[in-house]
Amino acid sequence: MAFRDEVSDFLEAGTNALWVTTHEEPRVLADLKELAKTMNSPAFTWSQVRGVMNVEAKKGALPNVAPDQGLVGAIFWSWMQAQQLQSTLLLILCDPHDALKDAAAKRAVRESIEGHADVRIIMITASPEVPFELSRLVMPLKFSLPIHEEMVEIIKRDMRGAGLTGQQVAELAESAVGLTASESRIAVRLALARHGAKKIPEVAEEIWATKTRLYDTSGLVVVRRPKESFGNVGGCFEFKKWISQRLRAFSPEARLKGVPTPRGVIFVGPFGVGKSLLSRSICNALEWCYIEWNLGKLLGPYVGTTERNTDRLLEFTDLHRPCVVRLDEIGHQVSGYQSSAYSDSGVVSRMIGRILTYMEERRDGIFFVASTNEPWNLPPHMVRAGRFDAIFHIELPDSGSMEEIFAIHSRHYCPDLKLDYRGQPVRNLVRKMVELKFSGAEAEQTVIEAVQTSFPDPPTVDTFEKCALNIVPISQTMAEEMERLEKWARGRARLA
């Protein structure tokens, strides 16, 4: 439902006060201005800087009520004005949360809500914290970030005269989704200034990069367009077979026939076996967006911060559907869940509960990929049947997998190297790495060291073997943890 329609429904139902949480005051004001015209109601805004102003006031107009009269004076004026006009009046309070710290201001708002139905108060603020005294009198509303269709209109309006076609605007809007209207305006103008309107793919990529930087600084979420494919993944034959069988289940045809869309998987395995690479490869196979959650960053030091960050995270994810959502080392991210009621008044418990509910009720176009090397730390309801489609144990590579892994990395780091990958010398090298219990990451490091050691000459099989012997694998440095991991996975997870 459109925001304007939602506000209209609340007002028609007799709601006298709304608390709208948003960082996009101009967009909200534009919607409310149109709503006031539809309702044939006079509408006024109030702020601590400009006082009370008619929403139709031109630039430079004097306020109806001066700022120094404060919020109490503005509300008293609205009562008098409504009586004089004999009409329902909309009073839009811009950023009132600081003014509402004053007891008299809170009392004035309360008396208006309870005794003056001809004055409807709409409060617009970035703070979701409704003062306690008003919490049962005010209906909270959230003004969401622009969806794709709204972003198209924003870019069309802002870039009128730039000569962009409808298809080009749609492409730029797709990259800009997740930004506010003002952020998108800056991102689009900056990208066009750098690349010009004739290079739309580069412009779209620049907008995406700007969005990525903005969200990376918050630490809540990472958004990417990965280029890795299953061709970059050695081994994991069983999982590749499993996901290839389910790719068709993501199609619109499957949904029309009632086929349940796959929910997600959990990868269990030690460091360096390719859990992250597999996640990005799934994303590439689906041609979806890649989002990585950091649940630890949701926690904030102040009351309500955690809940607010959780809302932002889920809203951003919904805006980027279809997407693969990655939860790296999920065991650490949900640690403290069971003791939360005793250590933090249940904040972590409520946060994880909200995330689990979102995963349970998730809309089409979201596939979750979680990974952990400590599966025993996961809450039981996280690994129950139905939360994820399957749990896969990614073991250390066997000979067949290691042969693929070595070929992928050697071709990547030294493409001019002529090696007989089916020959006995290479097979002996592969067998040696398997005997040493190398992970895929350690095989890659072997290739890197060999290339660096032999430069400017190409490495030989002997160079690879010598470099392999210099690497201490994680199977030795964390032998006890590896044994515990394999014991847990036995009977609890499928082999990848």
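Look up a bit, the structure's there.
Let us look at the structure shown here. Please read all numbers here as calculations on a predicted model, not as lab measurements. (Residues numbered from 1 in each chain as written. Predicted model: local features only at pLDDT ≥ 70, side-chain atom pairs only at ≥ 80, totals over all residues. Heavy atoms only, no water.)

### Brief notes about the overall build of the protein chain
Part 1 of the argument: Regarding its fold elements, the protein chain presents 21 helices and 13 strands.
Part 2 of the argument: Viewed in the frame of its principal axes, the protein chain has a C-alpha envelope of about 95 × 60 × 45 Å.
Part 3 of the argument: The buried share of the protein chain, taken over its 496 residues, is 48%.
Part 4 of the argument: Nonlocal contacts in the protein chain, meaning residues at least 24 apart in sequence, comprise 76% of its contacts between residues at least 6 apart.
Part 5 of the argument: Averaging the positions of the 60 positive and the 63 negative side-chain charges in the protein chain gives two centres separated by 2 Å. (Helix = DSSP H or I, 4+ residues; strand = E, 2+ residues; numbered from the N terminus. Buried < 20%, exposed > 50% of the residue type's maximum accessible area, 1.4 Å probe, protein only. Contact = heavy atoms within 4.5 Å. Lys, Arg positive; Asp, Glu negative; His and termini not counted. Charge placed at Lys NZ, Arg CZ, Asp CG, Glu CD.)

### Concerning the environment of G70
Part 1 of the argument: Structurally, G70 is set in helix α3 (residues 70-85).
Part 2 of the argument: A C-alpha to C-alpha distance of 52 Å links G70 and K198, two positions 128 residues apart in sequence.

### Regarding helix α19 (residues 461-469)
Part 1 of the argument: Among all positions in α19, only V461, T463, F464, C467 and A468 are buried. Each buried residue of α19 sits inside an arc of 160 degrees when the element is viewed along its axis, so together they form one side. Along α19, the residues that are exposed and aim more than 90 degrees away from the buried face are D462, K466 and L469.
Part 2 of the argument: The elements touched by buried residues of α19 are α16 (399-413), α17 (424-435) and α18 (440-454). (Arc of directions from axis to C-beta.)

### Let's talk about the packing of α18 against α19
Part 1 of the argument: Where α18 contacts α19, the two axes come as close as 8 Å, and the packing angle between them is 120 degrees. Overall, the two elements α18 and α19 adopt an arrangement that is oblique. Our pair here, α18 against α19, has a crossing hand that is right-handed. Of α19, the residues touching α18 (which contributes T446, V447, E449, A450, T453 and S454) are T463, F464, C467 and A468. (Axes fitted to C-alpha atoms, helices over the stretch in contact; angles between N-to-C directions. Parallel < 35°, antiparallel > 145°, perpendicular 65-115°, else oblique. Left-handed = near helix turned anticlockwise from the far one by under 90°.)

### Overview of the packing of aromatic side chains
Part 1 of the argument: For the coordinates displayed, the defined rule picks out twelve aromatic pairs.
Part 2 of the argument: Sitting above the plane of the W208 ring, R225 keeps its charged end 3.9 Å from the centroid.
Part 3 of the argument: Sitting over the ring of W376, R484 keeps its end group 4.0 Å from the ring centre. (Phe/Tyr/Trp six-rings, centres within 6.5 Å; stacked < 30°, edge-to-face > 60°. Lys NZ or Arg CZ within 6 Å of the ring centre and 35° of its normal.)

### A closer look at the sheet that holds strand β13 (residues 494-495)
Part 1 of the argument: Taken together, seven strands build an open sheet; the order of strands is β7-β9-β10-β11-β8-β12-β13 and the sheet is mixed. A strand with exactly one partner marks an edge of an open sheet, and here the two such strands are β7 (221-224) and β13.
Part 2 of the argument: Where strand β12 (residues 390-393) and β13 come together, two bridges link them in parallel fashion. Within the sheet, the bridge partner assigned to F392 lies in β13 and is R494.
Part 3 of the argument: Sheet strands in contact with helix α11 (residues 275-286) are β8 (264-268), β9 (289-293), β10 (323-327) and β11 (366-372), and its direction is about 170 degrees off that of β10. (Pairing = 2+ DSSP bridges.)

### Quick notes on a negative patch on the surface
Part 1 of the argument: Taken together, the side chains of E395, D398, E480, E481, E483 and E486 make up a negatively charged region of the molecular surface.
Part 2 of the argument: Looking at the secondary structure, you find D398 in the loop between β12 and α16.
Part 3 of the argument: D398 sits in the partly exposed class, given a relative accessible area of 45%. (Patch = residues over 30% accessible without salt bridge, like charges linked within 9 Å, V, L, I, M, F, W, Y side chains within 5 Å. Areas by Shrake-Rupley, 256 points an atom, 1.4 Å probe, with all protein chains shown as cover. Salt bridge = Lys/Arg side-chain N within 4 Å of Asp/Glu carboxyl O.)

### Describing the packing of helix α5 (residues 148-158) against helix α6 (residues 166-176)
Part 1 of the argument: Their axes nearest at 8 Å, the elements α5 and α6 cross at an angle of 120 degrees. With respect to each other, α5 and α6 are oriented oblique. As α5 runs across α6, the sense of the crossing is right-handed. Contacts from H148, M151, V152, I155 and K156 in α5 reach V169, A170, L172, A173, E174 and A176 in α6.
Part 2 of the argument: By residue class, the composition of the contact of α5 with α6 is eight nonpolar, one polar and two charged. (Nonpolar A, V, L, I, M, F, W, Y, C, P; charged D, E, K, R; others polar.)

### A look at the environment of F132
Part 1 of the argument: The topology assignment puts F132 in the loop between β5 (119-125) and β6 (139-142).
Part 2 of the argument: A sequence separation of 51 residues divides F132 from E183, and the C-alpha atoms of the two residues are 32 Å apart.

### Some remarks on the pairing of β11
Part 1 of the argument: Burial within β11 is extensive, with seven of its seven residues counted as buried.
Part 2 of the argument: Residues of β11 alternate between two faces, with I366, F368, A370 and T372 on one and F367, V369 and S371 on the opposite face, all of them buried.

### Quick word on unusual backbone geometry
Part 1 of the argument: The linkage connecting R321 with the following residue, P322, adopts the cis geometry, with an omega of 0 degrees.
Part 2 of the argument: Residue position: P322 is located in the loop between α12 (305-319) and β10.
Part 3 of the argument: The linkage connecting F455 with the following residue, P456, adopts the cis geometry, with an omega of 10 degrees.
Part 4 of the argument: A positive phi angle, near 45 degrees, is found at E329, a position not held by glycine.
Part 5 of the argument: Residue position: E329 is located in the loop between β10 and α13 (330-333).
Part 6 of the argument: With relative accessibility at 14%, the residue E329 sits in the buried group.

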